[in-house]
Amino acid sequence: MRIHFTRADLARTHVVEGPDVMWEVCGSLQALQGGYGRRTFGTWCHRVRRDLHRTHLAGPVGGRLFPVAPHAAYYPDLLTPVEGTLGLEEALEAILSTPRSRLRQEIDLLGGNGPGHGAWLDDLRSARTGALVELADTMRAYHQLAVRPYWPAIRARVESDIGRRRQALREGGVNGLLGSFHPMMRWHFPVLEIPGHPSDRDIHLGGRGLLLIPSYFAYLHPATIFNPDLPQAVVYPAGRVPEASQARPGAALGRLLGETRAAVLQAVAVGGTTSDLARRLGVSLSTISHHIAILRDAGLIISQRNAAVVLHTLSPVGAALLTNGKRHIDRGRTTDTR
């Protein structure tokens, strides 16, 4: 995927103010169907599948949402309206207002999409009375169960990434902002290349600019709006740091915080409950709780209760400390000649 900029596009390129609810809903549906990112989404997937069956939502979600938002290279742009940054109800209202011609065109691109799904997609394609309302109602119920309880963690991850992108913008302008996505995206004016994207095509912005949207549930590669005539956006995985099981914390960070506390901070970068973190690091619940309390009091992590669990994520300060520590270590490796 190659996105072509003009000078005017650079002036109109910016990062969202906060998470977009519909990109998170659609991304979570992808994660639920695809089964990828087990370390990141495994606990969430298990809980959501369990709760879907308990609340009898598994049928409507599987029969309505999976067909229209399949784990595939394409799903309709109408599911991710620009109103998603305003909130769920505003986004659903935009979906309900989709013109019939656009509805038919975008649903047609899905094809049959599996046995038993043709009738439901035909209902949407023909704008059968009540079909869009059923879609919106199912999305609302799914959001209530699978996304809303985890919103504090989603918001913290996304806002942490936004903070890093704004810093890149302050330090290097729009070129610095676009360059900050390497190697996920490669920027060489006038082209932003997305090497992992499944679609081999060119998009010419033509002065419209580009909206950059970090997403908690984006995982495999950045996603884009399919219709080249719509306002263009790139939705990308909100910045993640390797889990503690994959990489040891940098020596400088370890000296600052202590090895165990630095490892806890690094583990929190991918989010999780107290039990999740204890399991990843191989320590007791009492030990992990002790270090979490200290990191939280220092303003490095955020802990928010959702139902019966407490989710821990990095604060913007914690994310900056971890990112800058990694940069320091990387520079040391490139200049050390011993």
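Reading the values: the criteria
- Residues numbered from 1 in each chain as written.
- Predicted model: local features only at pLDDT ≥ 70, side-chain atom pairs only at ≥ 80, totals over all residues.
- Heavy atoms only, no water.
- Pairing = 2+ DSSP bridges.
- Helix = DSSP H or I, 4+ residues; strand = E, 2+ residues; numbered from the N terminus.
- Axes fitted to C-alpha atoms, helices over the stretch in contact; angles between N-to-C directions.
- 1 Å grid on protein atoms, 1.4 Å probe; cavity = no way out; pocket = protein on both sides within 12 Å on 5 of 7 lines; lining within 4 Å.
- Points joined across faces, edges and corners; volume = space filled by probe spheres on them.
- pLDDT = per-residue confidence, 0-100.
- Contact = heavy atoms within 4.5 Å.
- Phe/Tyr/Trp six-rings, centres within 6.5 Å; stacked < 30°, edge-to-face > 60°.
- Buried < 20%, exposed > 50% of the residue type's maximum accessible area, 1.4 Å probe, protein only.
- Lys NZ or Arg CZ within 6 Å of the ring centre and 35° of its normal.
- Salt bridge = Lys/Arg side-chain N within 4 Å of Asp/Glu carboxyl O.

**A word on the sheet that holds strand β3 (residues 186–188)**
The four strands lie next to each other as β3-β4-β1-β5, forming an open sheet whose pairing is mixed. Each edge of the sheet is formed by a strand with only one pairing partner; in this case those strands are β3 and β5 (202–204). Within this sheet the neighbouring strands show an average axis-to-axis angle of 15°, counted without direction.

**Some words on the layout of surface pockets**
Taken as a whole, the second largest pocket holds about 540 Å³ of empty space. Lining the second largest pocket are 27 residues; nearest its centre among them are A72, A73, Y75, H221 and A223. Sorting the residues of the lining of the second largest pocket by element identifies α2 (21–34) and β7 (223–224) as the ones contributing at least two each. With three residues, α2 is the single largest residue contributor to the lining of the second largest pocket.

**Examining the confidence of the model for the protein chain**
For the protein chain, the mean per-residue pLDDT works out to 85, and 88% of the residues sit at or above 70. Here residues 241–248 is a poorly scored stretch, pLDDT under 50, and it has 18 contacts once near neighbours within four places are set aside; other chains count. Per-residue pLDDT stays below 50 along residues 327–338; that stretch engages in four contacts with residues further than four places along the chain or on separate chains.

**Some remarks on the packing of aromatic side chains**
Going through the model one piece at a time under the given rule, you end up with nine aromatic pairs. Centre to centre, the rings of F181 and Y236 are 4.7 Å apart; their planes meet at 75°, and the pair counts as edge-to-face. Here the residue F181 occupies a position in the loop between α9 (151–179) and β3, and Y236 occupies one in strand β8 (residues 233–237), the gap between them amounting to 55 residues. Of the two residues, F181 and Y236, both sit in the buried class. Between the aromatic rings of W187 and F189, the centroid separation amounts to 6.0 Å while the plane-to-plane angle is 75°, which identifies the pairing as edge-to-face. On the basis of relative accessibility, which here comes to 11%, the residue W187 falls in the buried class. On the basis of relative accessible area, F189 is assigned to the partly exposed category, the value being 36%. Joined through ring pairs, the aromatic side chains of F41, W44, Y216, F217 and Y219 make up one cluster. We note R64 situated over the ring of W120; from NZ or CZ to the ring centre the distance is 5.9 Å.

**Remarks on the pattern of salt bridges**
Under the defined criterion, the tally for this structure stands at 15 salt bridges. With its nearest N and O atoms 2.9 Å apart, the salt bridge here joins R140 to E89. Linking R140 in helix α8 (residues 131–147) with E89 in helix α5 (residues 88–96), this pair joins segments that are 51 residues apart in sequence. For R140, a relative accessible area of 28% translates into the label partly exposed. Across the salt bridge formed by R140 and D137, the nearest N and O atoms sit 2.9 Å from each other. Note that R140 and D137 are positioned in helix α8 at a spacing of three residues, about one turn of the helix. Judged by relative accessible area, D137 falls into the partly exposed class, the value being 41%. Each of R64, D123, R128 and E134 takes part in a single network of salt bridges with overlapping partners.

**Looking at empty space enclosed by the protein**
Inspection of every chain in the model, using the stated rule, returns one cavity of 30 Å³ or more. Taken as a whole, the largest cavity holds about 90 Å³ of empty space. Going through the elements one at a time, α9 and β11 (309–314) are the ones with two or more residues in the lining of the largest cavity. Per-element accounting of the lining of the largest cavity gives the leading share, five residues, to α9.

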